[in-house]
Amino acid sequence: MALAGVALCASACGGSSAGGAGAAGSGGGGDHLTIWSQWLKGQPGQQFLQAAVDDFQKQTGIKVTVQWKGNAVVKSLLPALNSPDVPTDVVETSASQIQNVLYPAGGMLDLTSAYQQQVPGTGQTVAQVVGPAATSLATPTNAAGQTTGGPVVVPYWASATGVVFYNGQNFPALANAAPKDWDAFFTILDAQKAKNRRPLAQDGSVTSYNAVFYNDFLASILGPDALNKAETDKTGQTWKQPGYLQAAQLVERLAKGGYFTDGYDASKFPAMENKWANNEADFNVNGSWLPSEVGPVAAPGFDYRSFAFPAVAGHSAPPLNVTVSGIGVLKASKHQAAAEKFAAFLLQRGYQEQVATKMQNIPIAKDVPAPAAVQAVKQAIDAGQVNTVRSPASLADYNAKIYFGLDDKLIFGKLSAAQFIDSMSSDSADYWKTKG
């Protein structure tokens, strides 16, 4: 995701409440903490983190060195993860990267004790500030969805997918009356079609964006674990059970009903979201980072607003697909206490407010509002309406070879709903036969 650059205050924003000597049991000012970060220099996240690091050093006397690795941070760390002399104490990245790559390799610290720390100036522990939903997302699970220990990340911000964005200038009534289900949303979309609009912008070249529709329709109808159940059924017969076809029929209705912007199936990202940002389409189902991503090209005065993916009529709304990001600590680190202290430091209210105002992202702290564009999403996260069912890493190959390709054909109108289900069933069975 791309975020517009901003300048952050370097010292006062976190307040002085985090003061004191060094981390407990870690030698105070003698500590030297090393962080490898997912951000690159100049990005808002890098500017935020550097300002927080500067404050942390001043207030604790603990020296901190940060290497800005960008998206390559996990790949760069993996070869040295379990070496006697690891190159970093902390990896700052998404929980999913730590859980799926670094944790299985055995190099990450269980941070249960860190969650019992007090967050300076709040009167609350890390666990209380983070909340149970985000804590669950920071905790690894096995193939059966069972937790395999404590959390391995102390998150400080979150992102969400399956968020429906619109221009509040064009749909002011939606701010207080978002559609509760797809019957109501189709009424809105059909009204726009009657004005010769193609109301939904969809960047068809991004497979994961295409999959959001089927994923969330299915999660609403059968629950968030339904996709995993079908994909792991080696006979392929689960795809034939009631509900799977209904979800596909809703995608087919969108694909063949003229709802998507012309050319979505042959476009190159970010062409369609840019059209949306210039009022050439009305809605865009995307991630919480969208306003920052399209900001440089959006129409003047564009009022970013959003609501969560609606329910299929007669069913519950699908839980939000949320990713949390933050601080992971290496088992081999010689400065674990200082690392945990820094993780709690980022959860102070001043820094959490900066996550919203400077990074334009969703703060983890439950009582800190998000940017207006995604405040409705933040409220759902705070209420615990998040999807804690995760796709096993072992399904990555299946999704790449079977699911994503067939889902693309469904959303492009090249397969009917019935053809999609038949193909998913037969191709799944064939796939698992090759796996033995």
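Up top is the structure.
Residues numbered from 1 in each chain as written. Predicted model: local features only at pLDDT ≥ 70, side-chain atom pairs only at ≥ 80, totals over all residues. Heavy atoms only, no water.

Please explain the overall build of the protein chain as it appears in this structure.
Helices and strands together make up the secondary structure of the protein chain, namely 15 helices and 11 strands. Split into buried and exposed, the 436 residues of the protein chain put 54% on the buried side. Within the protein chain, contacts between residues at least 6 apart in sequence are counted, and of these 77% link residues at least 24 apart. Counting only carbon and sulfur atoms, one obtains 51% of the accessible surface of the protein chain, whose full area is about 17200 Å². (Helix = DSSP H or I, 4+ residues; strand = E, 2+ residues; numbered from the N terminus. Buried < 20%, exposed > 50% of the residue type's maximum accessible area, 1.4 Å probe, protein only. Contact = heavy atoms within 4.5 Å. Areas by Shrake-Rupley, 256 points an atom, 1.4 Å probe, with all protein chains shown as cover.)

Please clarify how the layout of surface pockets should be interpreted in this entry.
To locate leftover empty space, one rolls a probe as large as a water molecule over the atoms. Taken as a whole, the second largest pocket spans an internal volume of roughly 590 Å³. Taken together, 26 residues make up the lining of the second largest pocket; nearest its centre are Ala178, Lys180, Phe307, Ala308 and Ala376. Sorting the residues of the lining of the second largest pocket by element identifies β9 (304–308) and α13 (375–382) as the ones contributing at least two each. Here the lining of the second largest pocket is built from residues that sort into 19 nonpolar, five polar and two charged. (1 Å grid on protein atoms, 1.4 Å probe; cavity = no way out; pocket = protein on both sides within 12 Å on 5 of 7 lines; lining within 4 Å. Points joined across faces, edges and corners; volume = space filled by probe spheres on them. Nonpolar A, V, L, I, M, F, W, Y, C, P; charged D, E, K, R; others polar.)

Help me understand the packing of aromatic side chains in this model?
Any two aromatic rings considered together are summarised by their centre-to-centre distance and by the angle between their planes. For the structure shown, the criterion picks out 37 aromatic pairs. A ring pair is formed by Phe185 and Phe307, whose centres lie 5.6 Å apart and whose planes are at 85°; its orientation type is edge-to-face. Of the two residues, Phe185 sits in helix α5 (residues 182–193) while Phe307 sits in strand β9, which places them 122 residues apart along the sequence. Ring geometry for Tyr209 versus Phe269: centroids 6.2 Å apart, planes at 75°, classification edge-to-face. A residue pair is termed long-range when its members are at least 10 positions apart, and Tyr209 in helix α6 (residues 207–222) and Phe269 in the loop between α8 (244–256) and α9 (271–277) qualify at 60 residues. In this arrangement the basic side chain of Lys69 is found over the ring face of Trp36, its NZ or CZ atom lying 4.1 Å from the centre. Arg253 extends its terminal NZ or CZ atom over the ring of Phe186, reaching a point 3.5 Å from the ring centre. (Phe/Tyr/Trp six-rings, centres within 6.5 Å; stacked < 30°, edge-to-face > 60°. Lys NZ or Arg CZ within 6 Å of the ring centre and 35° of its normal.)

So what exactly am I meant to see when it comes to the nonpolar core here?
For soluble globular proteins, nonpolar side chains are generally found buried alongside one another. The biggest cluster of nonpolar side chains holds 133 residues, and the ones touching the most others in it are Tyr214 and Trp239. Ranked by the residues each element gives to this core, the list is headed by strand β6 (residues 154–167), at nine residues. When residues no more than four places from it in sequence are discounted, the contact partners of Trp239 are Tyr214, Leu227, Ala230, Glu231, Tyr244, Tyr398, Tyr403, Phe420, Ile421, Met424, Ser425 and Ser428. (Core = buried A, V, L, I, M, F, W, Y, C linked by side-chain atoms within 4.5 Å.)

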